[in-house]
Amino acid sequence: MKGIFWKLLASLLVLYTVLAGFLFQVPRLPILHETIRNLYFHVPMWWTMIFLFMISFILSLRYLSSGNIQFDVAARESVNIGLLFSFLGIVTGMIWARFTWGDYWTNDVHLNGAAITILTYTAYIILHNSIEDEIKRARFSAVYNIFAFVLMVVFIGILPRMTDSLHPGKGGNPGFNQYDLDSQMRMVFYPAVVGWLMTGYWIYQLKLRVQRLKMKEEE
Amino acid sequence: MNNVKEIRHLIYKDYILDLRSKNVVVSTVVYIFSTVYVCYLSFSNLESQHWYSLFWIIALFAVTNAANKIFINDAGENRIYLYSLASPQSVIISKLLYQWFFSTFLALIVWFSTMTIFSTSIPHQGPSLVVVLLGIWAISNVLTLNNALSSSTKNSPTVLAILSFPVLLPVLLTTIKAGRLSMLSEIPADYYSMVLALGLLNLLTATLAYLLFPYLWRY
């Protein structure tokens with residue numbers, strides 16, 4: 001099995017995060033209480049999503065410069081897995097928001113950014129599905145992917161500076177640095193991010209291999 | 001020099017085609033009037049802040065509706081003919097410019113008709129119109145590129161809307177924010193930085209369209 005080392009590491013890290021995330025000591029804070037543990041599960045989802053969307057952006061650029069259809073197949077699969085992680089991020093965030101803010105959804109820059117991202121990439125998948133011709137489909141969706149990614153990065157850079165936010169770490173709300181008095185949370189948070197990034201990449205690779213086999217079968 | 005001539009001819013071609021099918025243009029204008037009237041009947045009394053959001057919703061839908069026809073005359077054999085005549089750069093520049101004129105025309109109709117019928121008073125017409133124009137140009141840039149993408153799919157009007165709205169949401173948020181500042185009795189200093197941001201958004205969307213369009217046209 002190829003890459004057994006990092007796959008084993010990814011599994012161990014995620015296993016460690018789940019156990020440590022629920023069992024280790026966390027700072028006791030008003031309002032947040034135990035929901036602070038969501039940091040270990042919610043934030044890594046978004047990191048993994050951004051990582052996968054970046055992969056698909058680079059693959060789309062490479063498709064346009066080379067014309068190799070394999071890049072398009074890979075770009076699409078990474079968007080698929082990225083969307084999976086964005087749904088997980090939204091769900092964990094919504095459950096957390098219910099217990100701290102009192103509502104599942106609020107009009108907040110961070111939440112709007114997440115919604116826009118999900119809508120954009122769902123549109124990418126729909127565009128990819130609605131064109132019959134293989135080369136045309138690849139080229140059109142690569143163009144949309146690049147267009148959307150660049151604009152998204154710009155907006156996520158601009159928007160949060162325009163308004164205040166309820167979200168921890170933004171707009172006068174204390175971030176993770178202020179919560180964390182003895183750096184104990186870091187011992188779980190960083191392994192969680194690394195573990196989930198690797199797991200996301202692993203799922204993406206598996207999905208891609210299945211897709212390639214399907215394509216071979218069709219030929 | 002050659003390019004400028006080419007662009008001029010292409011714009012003239014679009015203009016002539018629109019003149020020949022006046023029906024399409026007139027129907028868009030009537031669509032605007034009836035939408036405005038439906039809104040008038042359902043809201044009757046609106047504060048100027050809410051009126052402003054309503055104005056943008058009507059303008060957005062009118063422009064999106066009109067954007068469906070950008071590439072409609074350049075499909076099939078016409079596209080191959082045009083491809084052999086003009087460079088993709090000239091095609092996209094001519095489309096962007098023509099769409100600027102057309103969306104400005106539509107936006108002004110929406111602006112003055114909603115203002116008249118809701119009898120809204122705006123203290124500074126000039127600064128408000130600057131925001132309207134900058135916003136509508138950024139929207140038309142995005143719609144032009146997305147129509148080039150969607151025109152070859154099966155249900156192109158829906159695909160155009162799903163591709164564009166998530167990307168347009170941040171543009172709209174910025175525009176509405178700038179517009180609300182422009183409607184205050186005294187223009188705050190923030191207004192100028194918002195206008196600058198809108199100008200940069202225009203530049204960015206137009207540049208992206210210019211760079212990415214040749215890949216679509218090649219097909």
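A few points on the structure. None of these values were measured; they are calculated from a predicted model.

### Topic: the overall build of chain B
Logical step 1: Counting its secondary structure elements, chain B contains eight helices and zero strands.
Logical step 2: Reading the secondary structure of chain B in the N-to-C direction produces α-α-α-α-α-α-α-α.
Logical step 3: Over its C-alpha trace chain B gives a radius of gyration of 18 Å, about what one expects of a compact globule, namely 17 Å for 219 residues.
Logical step 4: By principal-axis analysis of the C-alpha atoms, chain B measures approximately 55 × 35 × 30 Å.
Logical step 5: Taking all 219 residues of chain B together, the buried fraction comes to 39%.
Logical step 6: Here the analysis covers contacts within chain B between residues at least 6 apart in sequence; of these, 82% occur between residues at least 24 apart.

### Remarks on the overall build of chain A
Logical step 1: A count of helices and strands for chain A gives seven helices and zero strands.
Logical step 2: Listing every helix and strand of chain A by position from the N terminus yields α-α-α-α-α-α-α.
Logical step 3: Scored against the burial criterion, the 219 residues of chain A give a buried share of 37%.
Logical step 4: Sequence separation of at least 24 residues holds for 73% of the intrachain contacts in chain A that already meet a minimum separation of 6.

### A word on the interface of chain A and chain B
Logical step 1: Taken together, the 24 residues of chain A in the interface contact 21 residues of chain B.
Logical step 2: Contributing elements (two or more residues each) for the side of chain A that touches chain B: α4 (109-129) and α5 (134-162) of chain A.
Logical step 3: Top element by residues in the side of chain A that touches chain B is α5(A). It accounts for 15 residues.
Logical step 4: A per-class count over the side of chain A that touches chain B returns 20 nonpolar, two polar and two charged.

### As for the packing of helix α2 (residues 22-43) of chain B against helix α5 (residues 88-118) of chain B
Residue and element names in this part refer to chain B.
Logical step 1: Relative to each other, α2 and α5 sit at 30°, their axes nearing to 10 Å. Classified by the angle their axes make, α2 and α5 are roughly parallel. Seen from above, α2 lies across α5 with right-handed handedness. Along the contact surface, α2 presents Thr28, Val29, Ile32, Phe33, Val36 and Tyr40, while α5 presents Leu106, Ile109, Val110, Ser113, Thr114, Ile117 and Phe118.

### Considerations on helix α3 (residues 69-100) of chain A
Logical step 1: With 32 residues, α3(A) extends 47 Å between its outermost C-alpha atoms, agreeing within 8% with the 46 Å of an ideal straight helix rising 1.5 Å per residue.
Logical step 2: A positive phi of about 90° marks A:Gly102, the residue just after α3(A).

### A short note on the packing of α3(A) against helix α7 (residues 186-218) of chain A
Residues and elements named next belong to chain A.
Logical step 1: It is at 9 Å that the axes of α3 and α7 come closest, and there the two elements cross at 135°. Compared by their axis directions, α3 and α7 come out oblique. Seen from above, α3 lies across α7 with right-handed handedness. For the pair α3 and α7, the contacting residues are Val73, Ala74, Glu77, Ser78, Asn80, Ile81 and Phe85 in the first and Gly200, Ile203, Tyr204, Lys207, Leu208 and Gln211 in the second.
Logical step 2: A class-by-class count of the residues in the contact of α3 with α7 yields seven nonpolar, four polar and two charged.

### Description of the environment of A:Gln205
Logical step 1: Its location among the elements puts A:Gln205 in helix α7.
Logical step 2: Each C-alpha atom of the pair A:Gln205 and A:Ala74 lies 8.7 Å from the other, and the pair is 131 residues apart in sequence.

### Regarding unusual backbone geometry
Residues and elements named next belong to chain B.
Logical step 1: The phi dihedral of Ser119 falls on the positive side, at around 40°, and the residue is not glycine.
Logical step 2: Turning to its location among the elements, Ser119 is positioned in the loop between α5 and α6 (125-150).
Logical step 3: The exposure class assigned to Ser119 is exposed, which follows from the 8 C-beta atoms found within 10 Å.

### Section: the environment of A:Ser66
Logical step 1: Summarising the element assignment, A:Ser66 is placed in helix α2 (residues 39-66).
Logical step 2: Taking the C-alpha atoms as reference points, A:Ser66 and A:Leu19, 47 residues apart in sequence, are found 45 Å from one another.

### Some details on α4(A)
One turn of an α-helix holds 3.6 residues; hence residues three or four places apart share an orientation.
Residues and elements named next belong to chain A.
Logical step 1: Taking 1.5 Å as the rise per residue, α4 with 21 residues should run 30 Å; its terminal C-alpha atoms sit 30 Å apart, in good agreement.
Logical step 2: Of the residues making up α4, those classed as buried are Val109, His110, Gly113, Ile116, Thr117, Thr120, Tyr121, Ala123, Tyr124, Leu127 and His128. Down the axis of α4, the smallest arc covering the buried residues is 150°, so these residues share one side.

### Describing the environment of B:Asn68
All names here are of chain B.
Logical step 1: Along the chain, Asn68 turns up in the loop between α3 (48-67) and α4 (77-85).
Logical step 2: Spatially, the C-alpha atoms of Asn68 and Trp100 are 14 Å apart, while their sequence positions differ by 32 residues.
Logical step 3: If we skip the residues at most four places from it in the chain, Asn68 touches Asn147, Ser156, Pro157 and Leu160.

Rules of the game
- Residues numbered from 1 in each chain as written.
- Chains lettered and ligands numbered in written order.
- Predicted model: local features only at pLDDT ≥ 70, side-chain atom pairs only at ≥ 80, totals over all residues.
- Helix = DSSP H or I, 4+ residues; strand = E, 2+ residues; numbered from the N terminus.
- Rg over C-alpha atoms; globule rule 2.2 N^0.38 Å.
- Buried ≥ 20, exposed ≤ 12 C-beta atoms within 10 Å, placed from the backbone.
- Contact = placed C-beta atoms within 7 Å.
- Nonpolar A, V, L, I, M, F, W, Y, C, P; charged D, E, K, R; others polar.
- Axes fitted to C-alpha atoms, helices over the stretch in contact; angles between N-to-C directions.
- Parallel < 35°, antiparallel > 145°, perpendicular 65-115°, else oblique.
- Left-handed = near helix turned anticlockwise from the far one by under 90°.
- Expected span 1.5 Å × (residues − 1).
- Arc of directions from axis to C-beta.

Read these as geometric descriptors, not functional statements.
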